[in-house]
Each structure stands twice: as C-alpha cells, then as structure tokens.
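Coordinate inspection notes
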Amino acid sequence: MPGCFKKTFFALASLISFASFILIVVAMGTPKWMTGKILCKTGADLVNATDPELVKFIGEIYYGLFRGGKIRQCGLGGRRSKFTIFPHMVKKLNTGLHVMIIMFLCVAIFFSLVSFGFCILNAIKVPYRAINGPAGACLWNFLAGGFVVLAVTSFMAAVKLHHLTERIANFRENVFRFVILEERFEDCFWICVASATAHAVNLLLIAISGIHFPKVKTKTEEVNVTAEDIMY
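Notes on the structure in this doc start here.

About the thresholds
Residues numbered from 1 in each chain as written. Predicted model: local features only at pLDDT ≥ 70, side-chain atom pairs only at ≥ 80, totals over all residues. Heavy atoms only, no water. Pairing = 2+ DSSP bridges. Helix = DSSP H or I, 4+ residues; strand = E, 2+ residues; numbered from the N terminus. Axes fitted to C-alpha atoms, helices over the stretch in contact; angles between N-to-C directions. Contact = heavy atoms within 4.5 Å. Parallel < 35°, antiparallel > 145°, perpendicular 65-115°, else oblique. Left-handed = near helix turned anticlockwise from the far one by under 90°. Nonpolar A, V, L, I, M, F, W, Y, C, P; charged D, E, K, R; others polar. 1 Å grid on protein atoms, 1.4 Å probe; cavity = no way out; pocket = protein on both sides within 12 Å on 5 of 7 lines; lining within 4 Å. Points joined across faces, edges and corners; volume = space filled by probe spheres on them. Salt bridge = Lys/Arg side-chain N within 4 Å of Asp/Glu carboxyl O. Buried < 20%, exposed > 50% of the residue type's maximum accessible area, 1.4 Å probe, protein only.

To continue, consider the sheet that holds strand β2 (residues 58–63). Across the sheet, five strands lie side by side as β4-β3-β2-β1-β5; this open sheet has antiparallel pairing. Here the strands that pair on one side only, and so sit at the sheet edges, are β4 (78–84) and β5 (178–185). Shown here is a sheet whose adjacent strand axes are inclined to one another by a mean of 20°, direction ignored. Inspection of the sheet shows β2 paired to strand β3 (residues 67–73) by four bridges, in the antiparallel sense. If you follow E60 over to β3, its bridge partner there is I71. Against the sheet, helix α4 (residues 134–160) makes contact with β1 (34–40), β2 and β5, and its axis sits at roughly 155° relative to β5, the strand it touches most.

This is the structure in structure tokens:
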C-alpha cells in the first residue's frame, strides 16, 4: 500500500485529470472560442461612410469548433444568423488543420481519462510494473497536456496565419465583403489552456510524491533505544 503522503498526491492528481477531461469536453461543445468585430466593407464603400457613420456597418461574430453566429450590419440594421462548420463551411477553411484540432482534443480526452485511471491505481496500491506506476502516470499526463497544447497552437495558427475569422465571416456572402476589425480569444480557448496547465500541475504533483522524506524519530522512540543500550 502507498503511504498516506503518496495517496494524497495521487488522489489530487486523479481529480485534476478528471477536471481536465470535463474542461476539454465543455470547450469542444461551446461555440465561443473566438469573438470579433466585422466591418461590412462593401456597404461602407457604397455610401462613402466616414468614421462616425462606420458604426452602422460594424457587426459581430463568434464561433467555436462546430458552430457559431454573426450579426451583419450593412446599413439597414443588424441581421442575426447562425451557422455550422460542418459539413459545408469546413471546405472553405483549412480543412486538414480544422479536423486536426478536433482530433488533437479527442486524443487529449482519451489520455486524460487514462491518466485519471492510472492516478487512481497508484493512490490505491503500488503497481508491480513501472509503466503502471508514477512513470506511467507521468507519461499519460504528458501526452494529454501535449495534445491540448498542439490543439491550442493549431487553432492560433488557423486564426492568425490562415485568417479563419475572415473566411468564416465571408462564407456564402455573394454581395457583401466583410473585413475583421478585432479578434479576441474567448473562454473556451482559455479553458483548453487551463486543461494543459492542469496536466503540467499533475506532473509536478507526481514528481513531489516520489520524494522520500527522512523519518523523524519521536522522543519516546529515542528513550526506548537508550534504555536498551544501557541494559546491554
């Protein structure tokens, strides 16, 4: 049986792994990875709008990995619309990269659950095989956190290098053209960052659990030893 100190740290690590699993699932299902402001360039150019008048042509957009929505402001009032990324819009985006982000997160979910199981195992007993012990728990946490980091990095690349927001804003817009004025990473993006951080914390906890602290003898033990020494 593992010591009380080790049990506590592995129990805490298992809770963090499960929390990471929940965070990734929530982030994937919520359409608030990015928000931004979009300018209806075509409408503004048609009326030769000046700075005060541009407000009438500035709308909003938000989206996640599977769906989103936008408010089109083209001078005639706001028009709300919702959209889904699959199956049609994804063809106009960088399809491979977008699918890869989802795959990375799915793999991260799997490894988070594996990490959770291994931490529970190490909290209950001392495994005979090294791969089932702290080394295995470290490996699964490292893989889970690594795949989340890959997903987050890939999403940032899609936004900044492949102009993801602009492509989504202009999907099926035959008359009007929209330009991006402002982009912000929202809660779901930062939830994924928190998930990766959680696995880094787990690695630290597992490393600390392997430290062997010297046992401190109590005064009673010291007195008993002294008495035996005197008798013999």
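Following both chains from N to C, one finds helix α1 (residues 4–29) and helix α6 (residues 187–209) inclined at 165°, their axes separated by 9 Å at the closest point. In terms of axis orientation, α1 runs roughly antiparallel to α6. Taken as a pair, α1 and α6 cross one another with a handedness that is left-handed. Among the residues forming the contact of α1 with α6, the class breakdown is 18 nonpolar, six polar and one charged.

Rolled over the atoms, a probe as big as a water molecule pinpoints where empty space is left. One pass over the full model with this rule turns up one cavity of 30 Å³ or more. The space that makes up the largest cavity amounts to roughly 50 Å³. Around the largest cavity sit L93, N94, L97, H98, A158, H162, L164 and R167, which together line it. Those elements that place two or more of their residues in the lining of the largest cavity are α3 (95–124) and α5 (164–169).

Scanning the model with the defined rule gives six salt bridges in all. With a shortest N-O distance of 2.9 Å, R72 and E173 are connected by a salt bridge. Of the two residues, R72 is situated in strand β3 and E173 in the loop between α5 and β5; the sequence distance between them amounts to 101 residues. Owing to a relative accessible area of 18%, E173 belongs among the buried residues under this scheme. R184 is the partner of E186 in a salt bridge, and the nearest nitrogen-oxygen pair spans 3.5 Å. Among the residues examined, R184 registers a relative accessible area of 35% and is labelled partly exposed. When salt bridges that share partners are traced, they join K70, R72 and E173 into one network.

Distances and angles like these do not, on their own, reveal function.
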